[in-house]
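Okay, here's what each chain looks like letter by letter:
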Amino acid sequence: MTPALLGNLSVNLALAFSLLGLALALLAYLQGDGRFLRGARALVFPAFLAALAAFLALEWALLVHDFSLAYVARNHSTKDPLWVTLVTPWAALEGSILLWGLLQTLYTLLASRKPLDPWRASLVLAVLFGIQAFFFGVMATIASPFETLPNPPPDGVGPNPLLQNHWMMAVHPVLMYLGFVGLSVPYAYAVAAMATRRYQTWVEETRWWTLIAWGFLTAGKVAGMWWSYEVLGWGGYWAWDPVENASFIPWLLATAFLHTAFVQQTRGAFKTWNFAFVTLAFAATLLGTFLTRSGIIQSVHAFAEGPVGPAFLGFFLLATGLGLGLLSRVSREVRDAALFHPFSREGALLLGAFFFAGWALVVVLGTFYPLLVEAFTGAKVSVGAPFFNQVSAPLGAGILLLMGVGPLLPWRRARGEVLRNLLVLLLALALGTLFGLLRGYTLGASFALGLFLYNAAAIYLLAREGVLARVRAGLSPWGFLANRRRVGSLVVHFAVALMGLAIAFSQTYRLESEKTLYRGEAWEVGGVRLTFQGVRALDEGRRFAVEALLKTDRFGEVRPRLHFYPQMNSPLPAPKVIYTPGNDYYFLLMDFDREKGEWASLRLIVTPLVFWMWVAGGLMALGTLYILWPAARAEEARGVSPA
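No experiment lies behind these values; they were computed from the predicted model shown. All chains use their own residue numbering, which begins from 1 and follows the written sequence. The predicted nature of this model means local features are confined to residues of pLDDT at least 70 and side-chain atom pairs, given and counted, to a pLDDT of 80 or more, with totals for whole chains, interfaces and linings taken over all residues. Processing note: side-chain calculations cover all non-hydrogen atoms of the structure and skip hydrogens and water entirely.

1. Some thoughts on the overall build of the protein
Broken down by element type, the protein carries 21 helices and 10 strands. Here the C-alpha atoms of the protein give a radius of gyration of 27 Å, agreeing with the 26 Å that 2.2 N^0.38 yields for 643 residues. By its C-alpha atoms, the protein is 80 × 70 × 55 Å across when sized along the principal axes. In this scheme, a residue with accessible area under 20% of its type's maximum is buried, one over 50% is exposed, and one in between is partly exposed, where area comes from a 1.4 Å probe on protein chains only. In the protein, which comprises 643 residues, the proportion classed as buried is 56%. By the convention used here, residues are in contact when the closest approach between their heavy atoms is within 4.5 Å. Here the analysis covers contacts within the protein between residues at least 6 apart in sequence; of these, 72% occur between residues at least 24 apart. Here the protein displays about 27200 Å² of accessible surface, and carbon together with sulfur accounts for 65% of that area. Here the protein contributes 48 positively and 36 negatively charged side chains, and the mean placements of these two sets differ by 12 Å. Only DSSP runs of H or I reaching four residues or more are called helices, and only runs of E reaching two or more are called strands; each is numbered from the N terminus. The globule rule used for comparison is 2.2 Å times the number of residues to the exponent 0.38, while the radius of gyration itself is calculated over C-alpha atoms. The method behind every accessible area is Shrake-Rupley, applied with a 1.4 Å probe, and residues are considered shielded solely by the protein chains displayed. We count Lys and Arg on the positive side and Asp and Glu on the negative side, and we leave His and both chain ends out. For the purpose of locating charges, the reference atoms are NZ of Lys, CZ of Arg, CG of Asp and CD of Glu.

2. What to know about the confidence of the model for the protein
Confidence per residue, as judged by the predictor, is encoded in pLDDT with a range of 0 to 100. Per-residue confidence for the protein gives a mean pLDDT of 89; residues scoring 70 or more make up 94%. Per-element averaging of pLDDT across the protein places helix 21 (residues 631-637) at the bottom with 46 and helix 3 (residues 44-63) at the top with 97.

3. Section: unusual backbone geometry
Of note in the backbone geometry, H65 takes a positive phi value of approximately 55 degrees without being a glycine. Looking at where H65 falls in the secondary structure, it is placed in the loop between helix 3 and helix 4 (70-75). Backbone geometry places W240, a non-glycine residue, at a positive phi of 55 degrees. If you trace the backbone, W240 turns up in the loop between helix 11 (201-231) and helix 12 (242-267).

4. Quick word on the packing of helix 3 against helix 6 (residues 93-112)
The axes are straight lines fitted to the C-alpha atoms, using for helices just the contacting stretch, and the angles between their N-to-C directions are given from 0 to 180°. For the pair helix 3 and helix 6, the least separation of the axes is 9 Å and the interaxial angle reads 155 degrees. Taken together, the axes of helix 3 and helix 6 lie roughly antiparallel to each other. Of the two elements, helix 3 crosses helix 6, and the hand of that crossing is left-handed. Within the contact between the two elements, helix 3 uses V44, F45, A47, F48, A51, L52, A54, F55 and L58 and helix 6 uses G95, L98, L99, G101, L102, T105, L106, T108, L109 and S112. Only Asp, Glu, Lys and Arg are considered charged, only Ala, Val, Leu, Ile, Met, Phe, Trp, Tyr, Cys and Pro nonpolar, and every remaining residue, Gly among them, polar. Considering only residue class, the contact of helix 3 with helix 6 consists of 14 nonpolar, five polar and no charged. Here is the rule for angles: anything less than 35 degrees is roughly parallel, anything more than 145 is roughly antiparallel, 65 through 115 is roughly perpendicular, and the remaining ranges are oblique. Handedness of a crossing follows from how the near helix is turned relative to the far one, being left-handed for an anticlockwise turn of less than a right angle and right-handed for a clockwise one.

5. Regarding the pattern of salt bridges
By definition, a salt bridge exists where a carboxyl oxygen of Asp or Glu is found within 4 Å of a side-chain nitrogen of Lys or Arg. Scanning all chains against the criterion turns up 21 salt bridges. When the shortest N-O distance is used, the salt bridge between E333 and R197 registers 2.9 Å. Of this pair, E333 sits in helix 14 (residues 309-334) while R197 sits in the loop between helix 10 (184-196) and helix 11, and the two are 136 residues apart along the sequence. Classification of R197 by relative accessible area gives partly exposed; the value is 38%. Residues E521 and K515 are paired through a salt bridge, measuring 3.9 Å at the closest nitrogen-oxygen approach.

6. Examining helix 14
The end-to-end C-alpha separation of helix 14 is 35 Å, in line with the 38 Å expected for 26 residues at 1.5 Å each. At S328, helix 14 shows its maximal kink, close to 45 degrees. Residues of helix 14 that are buried: G309, F312, F315, F316, A319, T320, G323, L326, L327, V330 and V334. Multiplying 1.5 Å by the residue count of a helix minus one yields the expected span of that helix. One axis is fitted to the seven residues ending at the residue and one to the seven starting there. The bend at that residue is the angle between these axes.

7. Section: the sheet that holds strand 10 (residues 599-608)
Neighbouring strands of a sheet are bound in pairs by backbone hydrogen bonds; such pairs are parallel or else antiparallel. Sheet architecture is open: four strands sit in the order 1-10-9-8, paired in antiparallel fashion. Either end of the sheet is taken by a strand with one partner, and the two such strands are strand 1 (511-518) and strand 8 (576-579). Within this sheet the neighbouring strands show an average axis-to-axis angle of 20 degrees, counted without direction. A pair of strands counts as paired when DSSP detects no fewer than two bridges linking them. For strand 1 and strand 10, the ladder comprises eight bridges, and the chain directions are antiparallel. Note that in strand 10 the partner of E514 across the bridge is R603. Set on the sheet, helix 11 makes contact with strand 8 and strand 9 (583-592); between it and strand 8 the angle comes to about 125 degrees.

8. Overview of the nonpolar core
The biggest cluster of nonpolar side chains holds 190 residues, and the ones touching the most others in it are I97, W202 and F275. Looking at this core element by element, the count peaks at 15 residues for helix 7 (residues 118-141). Once residues lying within four places of it in the same chain are set aside, the contact partners of W202 are R120, P186, Y189, A190, A193, F257, Q264, N274, F275 and V278. L517, L550, F587 and L602 belong to the second-largest nonpolar core, a separate cluster that totals 20 residues. Note on terminology: a nonpolar core comprises buried Ala, Val, Leu, Ile, Met, Phe, Trp, Tyr and Cys residues joined through side-chain atoms within 4.5 Å.

9. Some details on the packing of helix 15 (residues 345-377) against helix 16 (residues 385-405)
One way to put it is that helix 15 packs onto helix 16 with a least axis distance of 9 Å and a crossing angle of 170 degrees. As judged from the angle between their axes, helix 15 and helix 16 are roughly antiparallel. Judged by residue contacts, A348, L351, G352, F355, F356, W359, V362, V363, G366 and T367 of helix 15 engage F387, F388, V391, S392, P394, L395, G396, G398, I399 and L402 from helix 16. The class makeup of the residues in the contact of helix 15 with helix 16 is 14 nonpolar, six polar and no charged.

10. With respect to the packing of aromatic side chains
Under the pairing criterion, centres of Phe, Tyr and Trp rings, with the six-membered ring standing for Trp, must be within 6.5 Å; the plane angle then separates stacked pairs below 30 degrees from edge-to-face pairs above 60, leaving the rest tilted. On inspection of all chains with the given rule, the structure shows 39 aromatic pairs. Considering the side-chain rings of W100 and Y177, the 5.8 Å spacing of their centres and the 55 degrees angle between planes classify their relative orientation as tilted. Taken together, the residues span a long stretch of sequence, with W100 in helix 6 and Y177 in helix 9 (residues 172-182) at a distance of 77 residues. Residue classification places Y177 among the buried positions, given a relative accessible area of 6%. Pairwise contacts between aromatic rings join W214, W238, W240, F248, W251, F356, W359, F387 and F388 into one cluster.

11. Comments concerning the pairing of strand 8
Across four bridges, strand 8 lies against strand 9 in antiparallel orientation. Residue pairing across strands places V577 opposite Y586, the latter belonging to strand 9. Linking strand 8 to strand 9, which pair antiparallel, is a turn of three residues.

12. Some thoughts on the side chain of S344
Of note, S344 is situated in the loop between helix 14 and helix 15. Judged by relative accessible area, which is 0%, S344 ranks as buried. Any pair of N or O atoms that falls within 3.5 Å is considered a polar contact. Within protein, one atom must be able to donate a hydrogen and the other to accept it, and sequence-neighbouring residues count only if both atoms are side-chain atoms. Only 3.2 Å separates the side chain of S344 from the backbone nitrogen of G347, close enough to count as a polar contact.

13. Focus on the pairing of strand 3 (residues 528-539)
Consecutive side chains along a regular strand alternate between the two faces of the sheet. Looking at chain direction, strand 2 (residues 522-525) and strand 3 are connected through four bridges and run antiparallel. Residue A522 lies in a different strand from strand 3, and its bridge partner there is T531. Linkage of strand 2 to strand 3, two consecutive antiparallel strands, is achieved through a turn of two residues, within which G526 is found at a positive phi near 60 degrees. Where strand 3 lies against strand 4 (residues 544-552), eight bridges are found, and the strand directions are antiparallel. Paired with V535 across the bridge in strand 4 is A548. Taking the residues that link successive antiparallel strands as the turn, the strand 3-strand 4 hairpin has four residues, and the phi of G541 there is positive, at about 85 degrees.

Spelled out as structure tokens, the structure:
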């Protein structure tokens, strides 16, 4: 059996199992017959096996260089190293959809094993089967990874050089897809809850799924920022590119949902907002996929234009319409009976969720505005980084302010005893801002420093409160660490504050210089003295590399590169980045003497505190993992307070 035959058979089997599972799950809901539900559950594992077989068939075709497959011919070369070959299944449109379908079947398999009453279980399965049926239907019709060529070429061109220029290609896309697909489970539970009018328990049942998806999304976004920083050669980590925006929107909405879901768990409130946020978060993943794969935007991150755009747009409208349509039907039943005091914990959490949702709305409008203008008037306009930075700075500052004070406020209404804590926070904010101004920092950077100290003080007060409560109860203070939900959230909040500080300083104090040096010439810039010693050419098989040999007084020899790929007309920069806790030193080779190698044009970018962005990203992942650690469930079952 050939890879093409195995792959096509597996895709069609996965589609058939998904459609049959969808039908049986709907019959189980409509007829109330447990036999149909058992039948639907029995099809979950075969669908996963079929999806896995299809994915392995594509890997097989790549490993044996089967260029009879159009996907392999367009995205693989015999010169590719093994690691590039292994990650090529998600290097282009059809393969990425196959990865999405595989992960969707995995999430469906895991979700199907959770105990639920038959009525809701049937609807959860129906939604998840419906989602995976869409993806396998797309592969079976308009975007097959196993399309064959009548005249296979002897070799292929290889994947996009941007995707094989850094090992992060093996990590970032998978993390993002795990986050995107993970949001389908809370969405399915929400649909089932609204359809069966059981509005409370679904939030607790899906909290872990949402945290898992959010954790993967967060890790994927930070990994993508790092990848951009090291590969694109412009010295930045975020450009407000449309594809960056498309993946940022579901993260913002999922973050909003996590905060309002906590209120529903503890106070039984905000049901309407939770249904809305979880629907929009999942729908945003489909919207982002439409943007990435439709060809309507130009981006270094986007896939080439393909036929799947209308299908994804239609599925986005269907998923959004289903969730919001059900919400409109039950809106009177889930509406909160009373308004909440703004100066309370639930008030702060809701306001924070509005900040996240408002930020998502701004990003949506800024991303789609040029497309709408061009569609209706034919004029080409652009909405760039200055707009997004101007609106994001106050939104981010508002979130950081609420992040510090919110957890310190009591439920329902603030009382007099919280005044002392608020005064401590305001003092930390004022001292941090004043210190920055005295150091000569800009007002924005000084305020960012104040916000960091403000949040650090809030985290200290929260930890101190938890420890003292245990001491007063005659318990070990170290037992505070066993409250994984609280400790993990404190770690995540500290990481967010640290990242906000790093972003503010790296955006404000970036130093960039460029100069052409001749062999033996020295250049002193940004606190570094470097001497150009010549260039060296390297033939690496799949690419040709030229590196500048630079001797520095602080970092020894540094070798920034240019990579020349056969499928690219211009070279791809491969900067050399020296990471330090204070500043990053970013060395770029821009051009060189192609005859004798006597000169080279170099760029040095010095950016403060970027190192701490990656530390913050790691802390976010560790904090999320700590919350999710299985022991947390047993502790909460014994009555350990989550807040």
